[in-house]
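Structure assessment
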Amino acid sequence: MSGFTNQVAVIVGGSSGIGRECALLFAEHGAETLLIARGRERLREVVDEIHSNGGNAQEFPADITSPDQVKQLADKIFSQFGRVDILIYGAASFYLSPVEMMDIDIAKHAMEVNYWGAVHVIQAFLPLIRNSQRKTIVLMSSLSVPCTPPFFAAYAATKHALHGLALSLRQELRPEGIRVQMIAPGPVETPLIEEYIHREMYRLPPGIPVLEPKKTAHQIFKAVSRGKQDVVIPNRMGWAARLAYAFPSLVESYYRLSVPDWNNAIQNEIEKQRRNHHQTSRTLQPNRMTTPSELEE
Ligand SMILES: NC(=O)c1ccc[n+]([C@@H]2O[C@H](COP(=O)([O-])OP(=O)(O)OC[C@H]3O[C@@H](n4cnc5c(N)ncnc54)[C@H](OP(=O)(O)O)[C@@H]3O)[C@@H](O)[C@H]2O)c1
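Quick notes on helix α6 (residues 213–226)
- Compared with an ideal rise of 1.5 Å per residue, which puts 14 residues at 20 Å, α6 spans 20 Å between its outermost C-alpha atoms and is within 8% of the ideal.
- Among the residues of α6, those classed as buried are Pro-213, Thr-216, Ala-217, Ile-220 and Val-224. Each buried residue of α6 sits inside an arc of 100 degrees when the element is viewed along its axis, so together they form one side. α6 presents Ser-225 and Arg-226 as exposed residues on the side facing more than 90 degrees away from its buried surface.
- If you follow the buried residues of α6, they end up packed against α1 (17–28), β4 (86–89), β5 (136–140), β6 (179–185) and β7 (230–233).
- Once α6 finishes, Gly-227 follows within two positions and takes phi at roughly 65 degrees, a positive value.

Below, the structure is given as structure tokens:
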């Protein structure tokens, strides 16, 4: 056991990918792990796995785009546990498109989940965090903030918004001893990106690895243990991220130099998307908000 024994860790997006691996890891280190997502069945699977490993976990199905559902959840957790030591916000929606063909409903939904969901959760859970010892909020950002490739306008905008939230929030909460950590992984092999990764719209230049969710969760666990404020995963990309913040045009130059015929590749992709535009917008329907009765099913 470690310093997390009996600490209450809430993991928003704990039913899949990075959140799931974080849940398993924090539970393994003694935390009381509370998982939030919409799908009850996938939540239950993670909770069962934690129980069979001897850990403590509970599932709390909710749609974090609904402020009412989030408030009810926070009240429920408050009455059961009285506090939250670590809040990891990792719910997300991913969408790539040229700006010209961007489906506004899908892009807005991504903003609802990736940014406004974080705001709802922080507002509802702050009183619980204040009641705790560790007082930690972890926001899952992305390497696509400093290193934004083409077709990432919708998703990267949500993560830029989250980045702004984190920078401001950490100054507001520091006087109370609440720590706001920001974690920015590069691509991680999870269901979030499986529809896009390695396709024309998501080309990875040399030197950008696709990470495993388990290893990513280990880095997050280490960052929370050490209270590190800004973390890029993998660590060795930290220098590239800092450079890209200072000189954004370097990102485009790197793609241009390292991916053969980069300009043509972009134009071909845009042309393809233009042709498929109507079909694409029919198949990628935005997730509407899940109702409380559906969560009970
Ligand atoms: N994978 C990557 O390449 C990558 C790279 C950088 C950063 N990140 C960030 O890391 C975090 C975790 O990503 P991941 O790849 O592990 O994603 P994932 O496997 O798709 O998991 C996303 C989680 O969010 C939940 N979720 C989605 N919409 C929700 C909603 N409206 N209400 C409540 N829960 C919701 C999902 O469960 P339900 O669908 O059942 O609700 C699921 O548990 C995200 O913030 C992502 O942006 C990922």
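A short note on the nonpolar core
- Residues Val-10 and Leu-35 are the most contacted members of the largest nonpolar core, which totals 79 residues.
- A per-element tally of this core places helix α4 (residues 104–130) first, with 10 residues.
- Ignoring any residue separated from it by four or fewer positions in sequence, one finds Val-10 in contact with Leu-34, Ile-36, Ile-77, Val-84, Leu-87 and Phe-125.

Observations concerning the pairing of strand β2 (residues 32–37)
- The element β2 is largely enclosed, with a buried count of six among its six residues.
- Burial of β2 is two-sided: the residues Glu-32, Leu-34 and Ile-36 facing one way and the residues Thr-33, Leu-35 and Ala-37 facing the other way are all buried.
- Here strand β1 (residues 8–12) runs beside β2; their pairing, made up of five bridges, is parallel. Bridge pairing in β2 links Val-10 to Leu-34.
- Running through α1, the crossover from β1 to the neighbouring parallel element β2 is right-handed.
- Across six bridges, β2 lies against strand β3 (residues 56–61) in parallel orientation. Across the sheet, residue Leu-35 finds its bridge partner in β3, namely Glu-59.
- Tracing the backbone out of β2, into helix α2 (residues 40–52) and back to the parallel element β3 gives a crossover that is right-handed.

Observations concerning unusual backbone geometry
- With an omega of 0 degrees, the peptide bond running from Ile-233 to Pro-234 counts as cis.
- As for its position among the elements, Pro-234 is in the loop between β7 and α7 (238–246).
- Here Phe-151, not a glycine, exhibits a phi torsion of approximately 80 degrees, which is positive.
- According to the C-beta neighbour criterion, Phe-151 is buried, with 25 such atoms within 10 Å.
- A positive phi angle, close to 70 degrees, is found at His-198, a residue other than glycine.
- By the element assignment, His-198 lies in the loop between β6 and α6.
- The class of His-198 is exposed, set by 12 C-beta atoms lying within 10 Å.

About the criteria used
- Residues numbered from 1 in each chain as written.
- Predicted model: local features only at pLDDT ≥ 70, side-chain atom pairs only at ≥ 80, totals over all residues.
- Helix = DSSP H or I, 4+ residues; strand = E, 2+ residues; numbered from the N terminus.
- Expected span 1.5 Å × (residues − 1).
- Buried ≥ 20, exposed ≤ 12 C-beta atoms within 10 Å, placed from the backbone.
- Arc of directions from axis to C-beta.
- Contact = placed C-beta atoms within 7 Å.
- Core = buried A, V, L, I, M, F, W, Y, C linked by C-beta atoms within 7 Å.
- Pairing = 2+ DSSP bridges.
- Right-handed = clockwise from strand over helix to strand, strands pointing away.

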